[in-house]
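# Secondary and tertiary structure notes
Here is what each chain is made of, one letter per residue.
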Amino acid sequence: MRKNILVIGGTGLVGKVILRILKGRNPNYNLFVGSRQLGNTINDLVIDVTNPKTFNCIISNKIDLIVLCTKDSNNEVLKFAIQNKLDYIDITKPTPDLTVAYDLAIANEQSVNSRIVFGSGWMGGIVGNLVDLIEPDKSRIQETNLYIYYSIKDLAGKSSANFLAENVCKPFIVYKNNKPQNVKHFLNSEKYNFSFGIGKRQVYNLDVPDLFILNQIEKIPTVSVKMTYNSKFVTSLMGYFQSLRIFNIMSLRERKLMFGSSGNGDQTVFEIVIKINDKIKKVSLQSVKGQAELTAFSTVLHIEKMLNETLSGGIYFSHQIHSAQEIYEALNNYSTINLKIS
């Protein structure tokens, strides 16, 4: 039977790449695009996540899986998916929104007769799989640190930039020995030596959903995430702005302009370092075509898995629906992704 997949936000940066990769890998899928504006084809649907009355076309078009690639602050699409027993994956939520959505799903767990998957971790939620790859027994892991190299020359959507603009002055939680600690973006710097020729860089705090997922779901006691920009000057500038509280006196519009720069494309790199007693294990990943390509490809892997009838109904984080080995093989075989394990 042909599968009907709806990508809400399919006209956005990541949504377009998801559709491109899906079409190339799965020509038998019937792909629909949901956005606020009516498109030119019969598979373009008008869907406004703030107006559930626009969701009726989801039922009339017999959608099997909803892929959410746009901000849904009130979780209207999630509620609709649960009520109508539809498979659902969301890759958009920053940590605060993810925890609210997850709590909502758990509160309605008895009503869930489909697959509800949260894929909002870094780059489509594959960090947990790579942690599994280098250490399957999470009870042995004392500490996990995620280091991110972010290029301002890379193509970037609005969601992550808007999140930073709105939250850069607010504290967020990291975990040390299972104790939550309030920190702020672009503080607590340290030096980290990146692979793939990047070298030593100053890295600063960053809030991503993997902090919550790795500690609260996977029970790793100590978890942190730090990032650097491709420009050492920009990285230092962010640190100065935060330490001198300059972000606090900037308007939201000014902060959005500051974080919202986007180039024509560049590599993205992240590295996961785990500590077990006196041993350190590391996996490094480079996406030559940048964040959008990697996030989209990870999401496509989740979609393919969800449409596999062997996955039972329930509430999942995206890394929980795969084996670490199958994610590793898929990433390693993708032409623009490079992996190193040490």
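Now for a description of the structure that goes with this document. (Residues numbered from 1 in each chain as written. Predicted model: local features only at pLDDT ≥ 70, side-chain atom pairs only at ≥ 80, totals over all residues. Heavy atoms only, no water.)

## Side note on the sheet that holds strand S1 (residues 4-8)
Heads up, the condition is: In this scheme, strands are said to pair when DSSP sees at least two bridges between them. Helix numbering and strand numbering both begin at the N terminus, where a helix is a DSSP run of H or I of at least 4 residues and a strand a DSSP run of E of at least 2. Lines are fitted to the C-alpha atoms to define the axes, a helix being fitted only along its stretch in contact, and any angle between axes, read from their N-to-C directions, falls within 0 to 180 degrees. Contacts were defined at the residue level, with two residues in contact if any of their heavy atoms lie within 4.5 Å.
In space, the 7 strands of this open sheet follow the order S3-S2-S1-S4-S5-S6-S15, with parallel pairing throughout. The open sheet is flanked by strand S3 (44-46) and strand S15 (314-317), the only strands paired with a single partner. On average, each strand axis in the sheet is inclined to that of its neighbour by 20 degrees, with strand direction left out of account. In terms of strand pairing, strand S6 (residues 115-118) meets S15 through 4 bridges, oriented parallel. Paired with Phe118 across the strands is Phe317, a residue of S15. Contacts from helix H1 (residues 13-25) reach S1 and strand S2 (30-35), with the element oriented near 175 degrees to S2.

## A look at the pairing of strand S7 (residues 143-150)
Consecutive residues of a regular strand have side chains that alternate between opposite faces of the sheet. Spelled out, the test is: Each residue gets one of three labels from its accessible area relative to the maximum for its type: buried under 20%, exposed over 50%, partly exposed in between, using a 1.4 Å probe on protein chains only.
With 7 of 8 residues buried, S7 lies mostly within the body of the structure. Where S7 meets strand S12 (residues 222-229), 8 bridges bridge the pair, whose relative direction is parallel. Bridging from a neighbouring strand, Glu143 pairs with Thr222 of S12. As paired strands, S7 and strand S13 (residues 268-276) are joined by 7 bridges and run antiparallel to one another. By the bridge assignment, Leu146 is partnered in S13 with Ile272.

## Some points on the pattern of salt bridges
Cut-off, in case you're wondering: What makes a salt bridge here is a side-chain nitrogen of Lys or Arg within 4 Å of a carboxyl oxygen of Asp or Glu, nothing more.
Counted by the stated rule, this structure contains 13 salt bridges. Close ionic contact of Arg36 with Asp48 constitutes a salt bridge, the shortest N to O distance being 3.5 Å. A residue pair is termed long-range when its members are at least 10 positions apart, and Arg36 in the loop between S2 and S3 and Asp48 in the loop between S3 and helix H2 (56-60) qualify at 12 residues. Residue class for Asp48 comes out buried when judged on its relative accessible area of 19%. We note a salt bridge from Glu135 to Arg140, for which the minimum N-O separation is 2.8 Å. The class for Glu135 is buried, based on a relative accessible area of 5%. The partly exposed category is assigned to Arg140, whose relative accessible area is 37%.

## Considerations on the pairing of strand S4 (residues 65-68)
So the rule is basically this: Handedness of a crossover is defined as follows: with both strands directed away from the viewer, a clockwise route from the first strand across the helix to the second makes it right-handed.
The alternating pattern of S4 places Leu65 and Val67 and Ile66 and Leu68 on opposite faces, both of which are buried. The pairing of S1 with S4 spans 4 bridges and is parallel. Of the residues in S4, the one forming a bridge with Ile8 is Leu68. Where the polypeptide runs from S4 across helix H3 (residues 76-83) and back to strand S5 (residues 87-90), its parallel neighbour, the crossover connection is right-handed.

## A short note on the environment of Asp97
Looking at where Asp97 falls in the secondary structure, it is placed in helix H4 (residues 95-107). Put simply, Asp97 and Ser318 are 221 residues apart on the chain and 16 Å apart in space, counted from C-alpha to C-alpha.

## Considering helix H12 (residues 291-306)
Operational definition: One less than the number of residues in a helix, times 1.5 Å, gives the span that helix is expected to have.
The end-to-end C-alpha distance of H12, which contains 16 residues, comes to 22 Å, matching closely the 22 Å that a straight helix rising 1.5 Å per residue would cover. Among the 16 residues of H12, 16 are classified as buried, and the element is accordingly described as predominantly covered.

## Let's talk about the packing of aromatic side chains
Going by this rule: Any two rings among Phe, Tyr and Trp, with Trp reduced to its six-membered ring, count as a pair given centres within 6.5 Å; such a pair is stacked if its planes are under 30 degrees apart, edge-to-face if over 60, and tilted if neither.
Tallied over the entire structure, the rule returns 17 aromatic pairs. Ring geometry for Tyr102 and Phe317: centres 4.9 Å apart, planes at 40 degrees, overall tilted. With a gap of 215 residues between them, Tyr102 in helix H4 and Phe317 in strand S15 connect regions that are remote in the sequence. This pair shows no difference in class: Tyr102 is buried, exactly as Phe317 is. Relative to Phe194, the ring of Tyr192 lies with its centre 4.9 Å away and its plane at 85 degrees, an arrangement referred to as edge-to-face.

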